[in-house]
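# Breakdown of the fold
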Amino acid sequence: MQERLTTDCDEVAGSGGLVDVEPEGALLKDALRGLVGVFALHDAILIGYLALTTIFLLGAPPTELRAQCMNRNLAGIAALVSVCVLVRRATFLAPLLRSVLYRLSLVGAFLLNYLSLRTLLPAVRSDSVDAQLLHLDLLLFRVEPALWMERFNTRPIVEWFSFFYFSYFLICFLSMVLAVWVARPGRGTTEYAVGSTIVYCVGQLGYMAVPAYGPIQALSHLYQGPLDGGFFWGCVSSVVQAGGAMKDVFPSLHTAAPLWFALYTFHRARTDRRLFWLAVVAAFFSMNIIVSTMLLRWHYAVDVVAGAVLAVGTAWLTPRLVRWEEGLRARMGQPQPWSFR
């Protein structure tokens, strides 16, 4: 009788014990599968950026500006999470509609994150480290390039580099349109999204860690006079005054972003030779933009070096992260990030 009762209990309990429980780790795996099914890697980075900046704000002095920034960050996190859940779980909506909504939400998130820097940066830190950045330039280069380049302060040169500095916004827009809206969704789209998210999120976190106004303001008393610019210099000045973050110099995203776009295009050209000359043009614009950041007095040389390191590091890391994400999604039985079927 005792032997039969023991046998019956073993049959009921199974290998997991007296209670019919999931195998060890199964619940965790199911939770991870659900997260992978809703959030792509670049979504997680964007949400993590907003969460981290909110933590920075918690450590800042309590002000009305800080409260506004925190509310905006929390609203941004809620919006991103809601959109990701909607576009990847609301299968009753047409795939095309979900695809367009998702792309628009990403563009909006990047734009709003940049525009919010004007209030976010002073809320996080009210000081500046221009003196330290200048000291690094003098230590490393024996000269401050923004001051040394004043000898080229002539209308044609200033206008040339102002044009390229202003073209940064056009390059950002065109690269996004080509990679996210025109190109066939796949690994290339994912690499662009992951790399661009890393560049901008890491760069903007750098602004918070190293707040500075740049040579145009901090060294204004050392210049012989204002820049001798015309139409394009006027465009640059107007845009910066209207929407610039004002303390956004380290690292130089005017260096990091165009250089990342050029490196990304060269990487894609390895499998699609049609992109080679587009990559050459992107590299030409990138080099001129990099020079313009110092000639137009916006950046110290160390800002440019940091931006270049960020771009090169991102170009090296991104393909590896994307392959890892593809493997994780395959193991979890989840579609790739840009599939909305």
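Computed from a predicted model, the values in this text were never measured in an experiment.

## Here we look at the packing of helix α5 (residues 95–115) against helix α9 (residues 155–182)
The contact between α5 and α9 brings their axes to 11 Å, and the two run at 155°. The angle between α5 and α9 places the two elements in the roughly antiparallel class. Considering how the two elements wind past one another, α5 and α9 form a crossing that is right-handed. Side by side, α5 and α9 meet where V100, R103, L104 and V107 of the first sit next to M176, V180 and W181 of the second. In the contact of α5 with α9, the residues fall into six nonpolar, no polar and one charged.

## Description of the layout of surface pockets
Taken as a whole, the largest pocket encloses approximately 1100 Å³ of empty space. Together, 45 residues line the largest pocket, and Y114, Y168, F169, C172 and Y200 are the ones closest to its centre. When contributions to the lining of the largest pocket are tallied by element, the ones reaching two or more residues are α3 (41–58), α5, α9, α10 (187–209), α11 (215–218), α12 (231–243) and α13 (253–269). Class assignment of the residues belonging to the lining of the largest pocket gives a composition of 30 nonpolar, 13 polar and two charged. Lining the second largest pocket are 26 residues, and of these S175, L178, T265, L275 and L278 lie nearest its centre. At the level of elements, α9, α10, α13 and α14 (276–295) are the ones that each hand at least two residues to the lining of the second largest pocket. A per-element tally of the lining of the second largest pocket places α9 first, with seven residues.

## Let's talk about a nonpolar patch on the surface
A cluster of nonpolar residues, L136, L139, L140, F141, V143, W148, F152, V305 and V309, forms a patch on the protein surface that exposes about 770 Å² of accessible area. Put simply, the parts of the chain that give the nonpolar patch at least two residues each are α7 (130–141) and α15 (301–332). At four residues, the largest contribution of residues to the nonpolar patch is made by α7. Inspection of the secondary structure assignment puts L140 in helix α7.

## Re the side chain of R297
Mapped onto the secondary structure, R297 falls in the loop between α14 and α15. Polar contacts involving the side chain of R297 include one to the main-chain carbonyl oxygen of G225, which spans 3.1 Å. Setting aside chain neighbours within four positions, we find R297 in contact with A146, E150, N153, G214, P215, I216, Y223, G225, P226 and L227.

## A look at the packing of aromatic side chains
Going through the model one piece at a time under the given rule, you end up with 21 aromatic pairs. Both rings, one in Y102 and one in F340, keep their centres 5.5 Å apart while their planes meet at 55°; by these two values the pair is tilted. Residue Y102 is found in helix α5, and its partner F340 is found in the segment after α15; the two are separated by 238 residues along the sequence. The same class applies to Y102 as to F340, namely buried. Where F164 meets F285, the ring centres are 5.0 Å apart and the plane angle is 70°; that geometry is what we call edge-to-face.

## A word on α15
Along its 32 residues, α15 runs 45 Å from first to last C-alpha, staying within 8% of the 46 Å computed at 1.5 Å per residue. The sharpest bend along α15 comes to roughly 30°, located at L317, with the proline P319 sitting one to four residues further on. G333 sits one or two residues past α15 and shows a positive phi near 70°.

## Brief notes about unusual backbone geometry
Residue P251 is reached from F250 by a cis peptide bond, and omega for that bond is -5°. Even without being a glycine, R142 presents a positive backbone phi close to 65°. Tracing the chain through its elements places R142 in the loop between α7 and α8 (145–148). For R142, a relative accessible area of 70% translates into the label exposed. In this model, R297 sits at a positive phi of 75°, which is unusual for a non-glycine residue.

## Comments concerning α3
Taking 1.5 Å as the rise per residue, α3 with 18 residues should run 26 Å; its terminal C-alpha atoms sit 26 Å apart, in good agreement. Of all the positions in α3, only L41, H42, D43, L46, I47, Y49, L50, T53, T54 and L57 are classed as buried. Contact partners of the buried residues in α3: α2 (26–38), α4 (64–89), α5, α6 (117–124), α10 and α15.

## Section: the nonpolar core
Counting residues in each nonpolar core, the largest one holds 48 residues, and the members touching the most others are Y102, L120, Y200, L253 and F261. Other than its neighbours up to four places away in sequence, Y200 contacts F110, Y168, C172, L253, A257 and F261. By size, the runner-up hydrophobic cluster in this structure holds 15 residues, among which are V158, V236, I290 and L296.

## Considering the environment of L310
Assignment of secondary structure puts L310 in helix α15. Judged by its relative accessible area of 11%, L310 falls in the buried class. Distance in space between the C-alpha atoms of L310 and Y200 is 9.7 Å, their sequence separation being 110 residues. Excluding residues that lie within four positions of it along the chain, L310 makes contacts with V199, V202, G203, P251, L253 and A256.

The rules behind the values
Residues numbered from 1 in each chain as written. Predicted model: local features only at pLDDT ≥ 70, side-chain atom pairs only at ≥ 80, totals over all residues. Heavy atoms only, no water. Axes fitted to C-alpha atoms, helices over the stretch in contact; angles between N-to-C directions. Helix = DSSP H or I, 4+ residues; strand = E, 2+ residues; numbered from the N terminus. Parallel < 35°, antiparallel > 145°, perpendicular 65-115°, else oblique. Left-handed = near helix turned anticlockwise from the far one by under 90°. Contact = heavy atoms within 4.5 Å. Nonpolar A, V, L, I, M, F, W, Y, C, P; charged D, E, K, R; others polar. 1 Å grid on protein atoms, 1.4 Å probe; cavity = no way out; pocket = protein on both sides within 12 Å on 5 of 7 lines; lining within 4 Å. Points joined across faces, edges and corners; volume = space filled by probe spheres on them. Patch = residues over 30% accessible without salt bridge, like charges linked within 9 Å, V, L, I, M, F, W, Y side chains within 5 Å. Areas by Shrake-Rupley, 256 points an atom, 1.4 Å probe, with all protein chains shown as cover. Salt bridge = Lys/Arg side-chain N within 4 Å of Asp/Glu carboxyl O. Polar contact = N/O pair within 3.5 Å; in protein donor to acceptor, adjacent residues only side chain to side chain. Phe/Tyr/Trp six-rings, centres within 6.5 Å; stacked < 30°, edge-to-face > 60°. Buried < 20%, exposed > 50% of the residue type's maximum accessible area, 1.4 Å probe, protein only. Expected span 1.5 Å × (residues − 1). Bend = angle between axes of the 7 residues up to and from the residue. Core = buried A, V, L, I, M, F, W, Y, C linked by side-chain atoms within 4.5 Å.

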